[in-house]
Amino acid sequence: MIKTDILIIGAGPTGLFTVFEAGLLKLKCHLIDALPQPGGQCSEIYPKKPIYDIPAFPEILAGDLVNNLLEQIKPFEAGYTLGERAETIEKLEDETFIVTTNKGTQHHAPVVVIAGGLGSFEPRKPQIENIAKFEDNGVAYMIKDPEVYRDKKVLIAGGGDSALDWSIFLADVASEVYLVHRRNEFRGALDSVEKVAELSKKGKIELITEAEVTHLHGNDKLEAVTVKHLKNGESHIEVDNFIPLFGLSPKLGPIGNWGLEIEKNAIKVDNSYDYATNIPGIYAIGDVNTYPGKLKLILSGFHEAAIMCQSAYQRIFPDKKYVMKYTTVGGVQGFDGTKKEAKKEVVKSIV
């Protein structure tokens, strides 16, 4: 069983920044996320999209924001359970919690923080009649280990950043890469679109636009797909893997059954004090919560994380009084032994 001070459900920007704020209070954190890597939507859906409302960054790519957050929290040695969804929660007699994932991994903590953005994410699946037959047998909705596709024939469907970026990446891994999109225009970053066009000219990616996959073929495993061209009939393509990357659909998921007060698919919290839910010891911060005047902004999630951690400290250590010190004064002491602090000025006597 994994034990920690604060268990964070959701490893998006708000969840990651919580690790930093908790670390300043000497509280250890562990994060659970259904996605295979930290960063939430910023990593999975739009890593190359610019964000303009992060303080001190006139413009920053979503993926770079996540990388910066991971670098910022590195000294606090957070633990991760990735690729698993928080499924059930049990409150023990001592007021602590056990959270179990869909894969049976158990986590024990006195404080649970739900920072799951808009909830857990499930892939948007194309409406192909027999697609379920080939799931985990040639069909995947996200890429966890690119080496699985080494020297394979891979067809990716989609027109966003994920489809473009993985097509580019797999061009040097797979034996053949097909990219199918219903339109001629892509929704991804311009440099990615240009890179795909360049690789297409070199024959490393076969780009098929104004088309969509309509049927899958094979016995026990995927062997081929039918591609319907909007103008020129159909084609039959032999492939080993089909990866439809049509984005993720947010759902509150099993957390909606935890007895929390829900309003319009969001968790109601006490914003007048600490973003606590109706269950003592469980907090909700970021886009997953709701309260009067709520703004679904990353910077709002950062603020909520800082306030929440102060309350969590008092819950874990009710007999201790924490005196907040600015990082400019106290520095940042990592659990790994590192310390960042301002250089002390040496005052020399003139007498």
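The present account deals with the structure reproduced in this document. (Residues numbered from 1 in each chain as written. Predicted model: local features only at pLDDT ≥ 70, side-chain atom pairs only at ≥ 80, totals over all residues. Heavy atoms only, no water.)

1. So, the layout of surface pockets
The condition is simple: Only protein atoms enter the 1 Å grid used here, on which a cavity is any set of points holding a 1.4 Å probe that cannot leave and a pocket is any open set flanked by protein within 12 Å on both sides along at least five of seven lines; residues with an atom within 4 Å of a point are listed as lining. Grid points are joined across faces, edges and corners, and a volume is the space filled by probe spheres set on the points. The secondary structure listing takes helices from DSSP runs of H or I that are at least 4 residues long and strands from runs of E that are at least 2 residues long, numbered from the N terminus. Each residue is assigned to one class: nonpolar for Ala, Val, Leu, Ile, Met, Phe, Trp, Tyr, Cys and Pro, charged for Asp, Glu, Lys and Arg, and polar for all the others, Gly among them.
By volume, the largest pocket amounts to about 830 Å³. Asp136, Ala140, Tyr141, Met142 and Lys144 are the residues nearest the centre of the largest pocket, which is lined by 30 residues in total. In terms of residue count, strand β11 (residues 120-123) provides more of the lining of the largest pocket than any other element does, 4 residues in total. In the lining of the largest pocket, the residues fall into 12 nonpolar, 6 polar and 12 charged.

2. Some remarks on the sheet that holds strand β22 (residues 282-284)
The cut-off we apply is this: If DSSP finds at least two bridges between two strands, the strands pair. Each axis is a line fitted through C-alpha atoms, taken for helices only over the stretch in contact, and angles between the N-to-C directions span 0 to 180 degrees.
With parallel pairing, 5 strands are arranged side by side in an open sheet as β6-β3-β2-β10-β22. At either end of the open sheet lies a strand with only one pairing partner, and these are β6 (79-82) and β22. The mean inter-strand angle of the sheet, taken between neighbouring strand axes irrespective of direction, is 20°. The sheet contact formed by strand β2 (residues 6-9) and strand β10 (residues 111-114) spans 4 bridges and is parallel.

3. Concerning unusual backbone geometry
Inclusion rule: With a 1.4 Å probe rolled over the protein chains alone, any residue whose accessible area is under 20% of its type maximum counts as buried; one over 50% counts as exposed, and the rest are partly exposed.
For Ala56, which is not glycine, the phi torsion reads 75° and is therefore positive. Mapped onto the secondary structure, Ala56 falls in the loop between β4 (50-51) and β5 (60-61). For Ala56, a relative accessible area of 79% gives the class exposed. In this structure, Asn265 takes a positive phi of about 65° despite not being glycine. By the element assignment, Asn265 lies in the loop between β20 (262-263) and β21 (266-268).

4. Focus: a nonpolar patch on the surface
Stated precisely, the cut-off is as follows: Nonpolar side chains (Val, Leu, Ile, Met, Phe, Trp, Tyr) within 5 Å and like charges within 9 Å form the patches, drawn only from residues with over 30% relative accessible area and no salt bridge. Reported accessibility uses the Shrake-Rupley method at a 1.4 Å probe radius. Residues are deemed covered only where the shown protein chains occlude them. Any carboxyl oxygen of Asp or Glu within 4 Å of a side-chain nitrogen of Lys or Arg constitutes a salt bridge here.
A surface patch of nonpolar side chains, about 230 Å² in accessible area, is lined by Leu295, Leu297 and Leu299. Within the secondary structure layout, Leu295 lies in the loop between β23 (289-290) and α6 (298-316).

5. Some remarks on helix α5 (residues 190-201)
Threshold: Given a helix with a known number of residues, its expected span is that number minus one, times 1.5 Å. Throughout, the arc means the angular range of directions from the helix axis out to the C-beta atoms. Pairs of residues are marked as contacts when any of their non-hydrogen atoms sit within 4.5 Å.
Taking 1.5 Å per residue, 12 residues should reach 16 Å; α5 reaches 17 Å between its end C-alpha atoms and fits that length. Along α5, the positions that sit buried rather than exposed are Ser192, Val196 and Leu199. All buried residues of α5 project into a common sector of 65° when viewed along the axis, lining one side. α5 presents Leu190 and Lys201 as exposed residues on the side facing more than 90 degrees away from its buried surface. Contact partners of the buried residues in α5: α4 (161-170), β13 (176-181) and β14 (206-209). Remark: Gly203 follows α5 within two positions and exhibits a positive phi of approximately 80°.

6. Some remarks on the pattern of salt bridges
Under the criterion given, the structure shown has 13 salt bridges. A salt bridge links Glu135 to Lys125; its shortest N-O distance comes to 3.2 Å. One end of the pair, Glu135, is in the loop between β11 and β12 (153-157); the other, Lys125, is in the loop between β11 and β12, and 10 residues separate them in sequence. Given a relative accessible area of 42%, Lys125 falls into the partly exposed group. With a closest N to O distance of 2.5 Å, Lys204 and Asp172 form a salt bridge. With Lys204 in the loop between α5 and β14 and Asp172 in the loop between α4 and β13, this residue pair connects regions lying 32 residues apart in the sequence. For Lys204, a relative accessible area of 35% puts it in the partly exposed group. Judged by its relative accessible area of 55%, Asp172 falls in the exposed class. Bridged by salt links that share partners, the residues Glu261, Glu263 and Lys268 form one connected network.

7. What to know about the sheet that holds β12
As summarised here, the arrangement of the 4 strands in space is β14-β13-β12-β18, forming an open sheet in which the pairing is parallel. Among the strands making up the open sheet, the edge pair consists of β14 and β18 (241-244). Direction aside, neighbouring strands of the sheet carry axes that sit 15° apart on average. When β12 meets β18, the two strands line up parallel, connected through 4 bridges. Following the sheet pairing, Val154 is matched in β18 by Asn241. Together, β12, β13 and β18 form the strand contacts of α4, whose direction differs from that of β12 by roughly 165°.

8. Quick look at the nonpolar core
Worth spelling out the cut-off: Joining through side-chain atoms within 4.5 Å is the link that ties buried Ala, Val, Leu, Ile, Met, Phe, Trp, Tyr and Cys residues into a set, and such a set is a nonpolar core.
In this structure, Ile6 and Ile114 are the most contacted members of the largest nonpolar core, which totals 58 residues. Listed by contribution, the elements that provide at least two residues to this core are β2, α1 (13-24), β3 (29-33), α3 (62-73), β8 (97-101), β10, β22 and α6. With 7 residues, the single largest contributor to this core is α6. Not counting chain neighbours up to four residues away, the residues in contact with Ile6 comprise Ala22, Leu27, Lys28, Cys29, His30, Val111, Val113, Ala312 and Ile316. Listed in part, the 20 residues of the second largest apolar core include Ile168, Leu170, Val177 and Val196.

9. Points about the side chain of Asn130
Threshold: Between N or O atoms, a polar contact is any pair within 3.5 Å; within protein, one atom must be a potential hydrogen donor and the other a potential acceptor, and residues adjacent in sequence are included only when both atoms are from side chains.
If you trace the backbone, Asn130 turns up in the loop between β11 and β12. Among the polar contacts listed, one links the side chain of Asn130 to the backbone oxygen of Leu216, at a separation of 2.7 Å. Among residues more than four places away in sequence, those in contact with Asn130 are His215 and Leu216.

What is shown is where atoms sit, not what they do.
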